[in-house]
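Structural features, examined
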Amino acid sequence: MTDVAARASELRGILEDANRRYYVDASPTLSDEAYDRLLAELQSIEEAHPELATEDSPTRRVGGEPIEGFETVEHAVPMLSIDNTYDREELTAWYGRVLKRVGGDGEGLFGAGGVAVRAEAKVDGVAISLRYEGGRLVRAVTRGDGRRGDDVTANVRTIRAVPMVLDAGEDILPDVLEVRGEIFMDQAEFDRINHEKEARGEAMLVNPRNATAGTLKQLDARAVAERRLRFLAHGVGVVEPNRFESYSVFCGALRGWGLPVNDALGDVTDSVEELWGMIERFERERIGLGFATDGVVVRVDRFDLQERLGVRSKSPRWVIAFKFAAERKETVLRDVVWQVGKTGRITPRAEMDPVFVGGTTVTFATLHNADQVERLGVEIGDRVVVQKAGEIIPQVMGLAEGKRETKRRKIEAPSACPSCGEPTVREEGEVDLRCVNPACPAQLMERLIWFVGRDQMDIDGLGEKAVIQLVEAGLVKTFGDLYRLNDRRAELLDLDRMGEKKVEGMLVGIEASKERGLARVLAGLGIRHVGGRAAAILAGHFGDVKSLSAADVETIADVDEIGPITAASVHDFASSDAGRGILGDLASCGVDLTQEQVAVPAGDGPFVGKRVVITGTFEAMDRKAIKQRVEAMGGRVSGSVSGNTDLLLAGERAGSKLAKAESLGVEVWDEARLMSVLDGEGE
Ligand SMILES: NC(=O)c1ccc[n+]([C@@H]2O[C@H](COP(=O)([O-])OP(=O)(O)OC[C@H]3O[C@@H](n4cnc5c(N)ncnc54)[C@H](O)[C@@H]3O)[C@@H](O)[C@H]2O)c1
Ligand SMILES: [Zn+2]
């Protein structure tokens, strides 16, 4: 084999492996930039040596493989990939090629010769094709391998931003509309889920894109509904009949029909300089969007010109993605500390020489688990590369290039808990190490901090710092000890930074928390798999701790919406000596362990968990009445439109809020749409 042939085959091996890790395992080991560089290298080899090109080369394939458990569906028009570049000159060269091919008759925006292009945010999520027939959503299919994807309609129906029925308004709906777009998870939702996962002692989501892909693969649509995925349209599949001359005109129609359009950026220009200005501005401003973007998609706006430019095997010639290289820096890995969480999960945290990357100084980064440590292949003392995933979470990417330090120390997963010294365990099928000692001090600290938190016992005057102080001083070893602090005023006053007033405030706060009720107590105890919602359901169902403790696993699992794993975990807790001890102690301290009725956060419905803004005048009811209805259905109503708003209900004369919502790509409903939903139609 020649050197070139050997290199081509090596590259194919690396890229295939990277594809599997990226699309199937959802745990990439290469950065996108490194992947794209290797792919470009293979591409240029294959172009120079066509005899080396293979049918199934990664240069010809799009995306991943079909997922088991879903029906495979052929796309009416293939969903291709988009060529990308990280290089300014390449983008300019692309525009030059476009001009050369179709520039003569592209009238441009501002005179003859230019070709108008539209620039949009490249949203980092999962591509989807939505098919509407006669205005009704009939199918939602993932990109799959570009030709055939997975039918995930049931899952996509739970996504609020995807209308079930399009709104014709004064317009005419196409008989068939296949619109392409991105399903993604915004940062707030990603954080919310990870917060819950942390609370339940479950493995955390790695990044929003993987989380979205994982969510869409769920076989149970209810699990999808619990995660608030978002959608933005960004492309055309089929429009019959098609009366649109350009993509931007088409976007205007989509918006009118109730489909959210990707308006982040969303400008049209026929000047490369202006395009560059937009891209630079966007690179600075994109952090404020609240969701991950990894570049800008630039496309020729006019459909006839797109058609004349045509497609290559894997990507169209009329579109290109300019990607932002994630900023990376090198630093030294000084140590790895294994931290014990409140459910006993032990996770490795990297401590590094401080380094300024992606806008902040980074010193720590989670390494997730022992498997990840092994994959990275780094040791203490090594120079490592650090990057911010989605520009937010710092991540250790691997070894820096060049010679390795000779003085290195292996990163060893601890066989004993770093806090209590009890042996660690790794359950089968789990990636995490755990300490299962219920009396472990590190767990205790974390559990107490959780217990006093706002969504649990909500103890005023007792924050994280104070809890640490109390535990370190030996004043608190159990939940019940908090309620006995009243008798230890003198010792409290001896503590650093603890004045009379502070102690008084704390004790009042603790006293008040006795009345929170069983749901809050259960949520606060840090029982594995029991978050706020499960706690509320259980407390509401059983009414008091006695009936809950008396129930067997089957009875608990029979409660609506409580799964077998949660049931087993609750039962284990309530029937264990440790669990009984904790509950008995709290009861004897006067903590209310009964529950009259709880408002269980609803799991489904058009407004659940949505941040809604109401504006303008409505014929059928006034704004106050609408607000009450929306809140009763689980929505949160606020006064002004921001990047966090999910939905704007716009009546007549809606004005500036409507304009703002549209510029932010927030979903907008008019009165007719709202009424059909409130009447139980439509959605
Ligand atoms: N790190 C790794 O190991 C690894 C492995 C495989 C792939 N990858 C990354 O994935 C890329 C290949 O994936 P790809 O083919 O899906 O390309 P891509 O994700 O980079 O770009 C194409 C996709 O962008 C999406 N998109 C978002 N906003 C859009 C907009 N406004 N307009 C049009 N489309 C928009 C579409 O869903 C489209 O399918 C590679 O270039 C690489 O960066 C990385
Ligand atoms: Zn321990």
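Residues numbered from 1 in each chain as written. Chains lettered and ligands numbered in written order. Predicted model: local features only at pLDDT ≥ 70, side-chain atom pairs only at ≥ 80, totals over all residues.

Turning next to the UniProt feature "active site" (unreviewed entry) in the protein. In the numbering used here, UniProt assigns the "active site" (unreviewed entry) feature to K122. Inspection of the secondary structure assignment puts K122 in strand 3 (residues 117-123). By the C-beta count within 10 Å, which is 26 here, K122 ends up buried. With sequence-adjacent residues up to four places away left out, K122 is seen in contact with T293, D294, G295, V296, V297 and A321. (UniProt positions renumbered as here; feature names shortened; annotations may be inferred. Helix = DSSP H or I, 4+ residues; strand = E, 2+ residues; numbered from the N terminus. Buried ≥ 20, exposed ≤ 12 C-beta atoms within 10 Å, placed from the backbone. Contact = placed C-beta atoms within 7 Å.)

So, about helix 6 (residues 208-216). Most of helix 6 sits inside the fold, with 7 of its 9 residues counted as buried. All of the buried residues in helix 6 are P208, R209, A211, T212, A213, T215 and L216. Buried residues along helix 6 sit against strand 4 (126-133), strand 5 (136-142), helix 4 (153-156), strand 7 (176-184), helix 5 (187-200) and helix 7 (221-225).

What follows covers the site of ligand 1. For ligand 1, the set of nearby residues contains 27 residues, the closest of which are Y22, D32, S81, A127 and H234. Elements represented by at least two residues in the shell around ligand 1 include exactly helix 1 (3-24), helix 2 (32-48), strand 3 and strand 8 (230-240). A breakdown of the residues in the shell around ligand 1 according to their chemical character gives 12 nonpolar, 8 polar and 7 charged. Residue contributions to the shell around ligand 1 reach at least three from each of two domains, namely domain 1 (3-52) and domain 2 (72-323). (Near = placed C-beta within 6 Å. Nonpolar A, V, L, I, M, F, W, Y, C, P; charged D, E, K, R; others polar. Domains from an automatic or database assignment.)

Our next topic: the nonpolar core. Within the largest apolar cluster, 74 residues are counted, with the highest numbers of intra-cluster contacts made by V396, L522, A535 and L538. With 8 residues, helix 12 (residues 441-452) is the largest single contributor of residues to this core. Two domains each donate at least three residues to this core, and these are domain 3 (329-425) and domain 4 (441-588). Excluding its chain neighbours within four sequence positions, the residues that come into contact with L538 are L522, L548, V559, I562 and V570. (Core = buried A, V, L, I, M, F, W, Y, C linked by C-beta atoms within 7 Å.)

Time to look at the sheet that holds strand 4. In any sheet, the strands associate via hydrogen bonds between backbone groups, in a parallel or an antiparallel arrangement. The 4 strands are arranged 5-4-7-8 in an open sheet whose pairing can be described as antiparallel. Two strands lie at the open edges of the sheet, namely strand 5 and strand 8, each paired on one side alone. Each adjacent strand pair in this sheet contributes to an overall mean axis angle of 25 degrees, direction not counted. The pairing of strand 7 with strand 8 spans 9 bridges and is antiparallel. Counterpart to V176 in the pairing with strand 8 is E240. Against the sheet, helix 6 contacts strand 4, strand 5 and strand 7, and its axis sits at roughly 125 degrees relative to strand 7. (Pairing = 2+ DSSP bridges. Axes fitted to C-alpha atoms, helices over the stretch in contact; angles between N-to-C directions.)

Turning next to the UniProt feature "binding site: Zn(2+)" (unreviewed entry) in the protein. Under the local residue numbering, the UniProt record ascribes the feature "binding site: Zn(2+)" (unreviewed entry) to C417, C420, C435 and C440. In three dimensions, the annotated residues from a span of 24 residues occupy one location, with a maximal C-alpha spread of 8.6 Å. Structurally, C435 can be placed in strand 18 (residues 433-435). Dropping the residues within four chain positions of it, C435 is found in contact with V340, G344, I346, C417, S419, C420, E422, T424, C440 and Q443. Take C440: it is sitting in the loop between strand 18 and helix 12. Not counting residues up to four positions away in its chain, the partners in contact with C440 are V340, G344, C417, S419, C420, E422 and C435.

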